[in-house]
Amino acid sequence: MNYTESTAYYDFETDEIQQLIAEFNIHSLSNEDKAIGLYLKVRDGWRYDPYHISLEKKGYKASIIAKKSSGHCIDKSILLIAGLRGLGIPARIHLAKVKNHIGVERLTEKFGTNELTPHGMVNIYLSGKWLKASPAFNASLCEKCNVPPLAFDGKNDSMFQAYDASGAVFMEYLEDYGHFEDVPIDFIFETMKSHYPALVKQFSGAKEIKL
């Protein structure tokens, strides 16, 4: 499989993604430095928002996401992957089910559970190995949740924090769905439908879920 190709979702040839990666698309930077810089740009440049979910396939195109000011974990993962591929760095999406233990009142109220699925993260190929990176939580949100923001050093996995700054359980991985060459849009929609049936029914026929 070629994890550097452009696809309908990872449309890095578009102006939006070319503008996103322009500052990193220089020969003097190593792939590691490019990946770190782009990771931080996506992590903090788009506010994390799990309450706004597109129900249209075109809503998962990187060029569309790039025009927004916020996004959920899958949105931000798609954006990062498109940018990395545009820089010639192999990248792919990785999905899982997670449980949030901090600030769950609104999540539980809106979704009926504090389990989020599918949760998106990114696999990045650097120095001969695949690394996991999760750009979902922007630094300002982490500060509000009393959790240090996730750094990415280009050498080690950077996944959700297991504990907050006081040692309380913050994020727990429940199930690993594995990685995908392209955005598995049908799997994403079916997983949402099976885990949030009332929510999906409520917004049946709509173009998006906005809570």
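Now for a description of the structure that goes with this document. (Residues numbered from 1 in each chain as written. Predicted model: local features only at pLDDT ≥ 70, side-chain atom pairs only at ≥ 80, totals over all residues. Heavy atoms only, no water.)

Take the pattern of salt bridges next. Under the defined criterion, the tally for this structure stands at 9 salt bridges. Lys41 is the partner of Glu23 in a salt bridge, and the nearest nitrogen-oxygen pair spans 2.7 Å. Here the residue Glu23 occupies a position in the loop between α1 (15-21) and α2 (31-45), and Lys41 occupies one in helix α2, the gap between them amounting to 18 residues. Here Lys41 falls in the partly exposed class, since its relative accessible area comes to 25%. (Salt bridge = Lys/Arg side-chain N within 4 Å of Asp/Glu carboxyl O. Helix = DSSP H or I, 4+ residues; strand = E, 2+ residues; numbered from the N terminus. Buried < 20%, exposed > 50% of the residue type's maximum accessible area, 1.4 Å probe, protein only.)

Attention now goes to unusual backbone geometry. The residue after Thr117, namely Pro118, is reached through a cis peptide bond having omega -10°. Relative to the elements of secondary structure, Pro118 occurs in strand β5 (residues 115-126). At Ser127, a residue that is not glycine, the phi angle is positive and equals roughly 50°. One can find Ser127 in the loop between β5 and β6 (129-133).

Let us look at the pairing of β6. Successive side chains on a regular strand alternate, one facing one side of the sheet and the next facing the other. Here β5 runs beside β6; their pairing, made up of 5 bridges, is antiparallel. Bridge pairing in β6 places Ile124 opposite Leu131. Hairpin connection between β5 and β6: a loop of 2 residues separates the two successive antiparallel strands, and Ser127 in this loop has a positive phi of roughly 50°. (Pairing = 2+ DSSP bridges.)

Taking the relative accessible area as the measure of exposure, Glu23 reaches 48% and is therefore partly exposed. Once the C-alpha coordinates of Glu23 and Arg92 are considered, the two residues, 69 residues apart in sequence, prove to be 22 Å apart. What Glu23 contacts, discounting residues up to four positions off in sequence, is Leu29 and Lys41. In this structure the side chain of Glu23 is engaged in a polar contact, spanning 2.7 Å, whose partner is the side chain of Lys41. (Contact = heavy atoms within 4.5 Å. Polar contact = N/O pair within 3.5 Å; in protein donor to acceptor, adjacent residues only side chain to side chain.)

Here the focus is the environment of Met171. By the element assignment, Met171 lies in strand β7 (residues 171-180). The exposure class of Met171 is buried, given its relative accessible area of 5%.

On to the sheet that holds β5, then. Reading across from one edge, β6-β5-β4-β7 is the order of the 4 strands in this open sheet, with antiparallel pairing throughout. The open sheet is flanked by β6 and β7, the only strands paired with a single partner. Pairs of neighbouring strands in the sheet enclose a mean axial angle of 30°, with direction left out of account. Helix-sheet contacts for helix α4 (residues 73-86) involve β4 (91-100) and β5, and the interaxial angle to β5 is about 15°. (Axes fitted to C-alpha atoms, helices over the stretch in contact; angles between N-to-C directions.)

Let's shift gears to the nonpolar core. Formed by 58 residues in total, the largest nonpolar core has its most connected members in Leu38, Ile78, Leu84, Ile124 and Phe152. Not counting residues within four places of it along the chain, the set of residues in contact with Ile124 comprises Ala35, Leu84, Ile89, Pro90, Lys129, Trp130, Leu131, Ala133 and Phe152. (Core = buried A, V, L, I, M, F, W, Y, C linked by side-chain atoms within 4.5 Å.)

Because each turn of an α-helix spans 3.6 residues, side chains separated by three or four positions end up pointing in the same direction. Compared with the 21 Å implied by 1.5 Å per residue over 15 residues, the 20 Å span of α2 between its first and last C-alpha is a close match. For α2, the set of buried residues is Lys34, Ala35, Ile36, Gly37, Leu38, Tyr39, Val42 and Arg43. Looking at the buried positions of α2, the neighbouring elements they touch are α1, α4, β5, β6 and α6 (139-144). (Expected span 1.5 Å × (residues − 1).)

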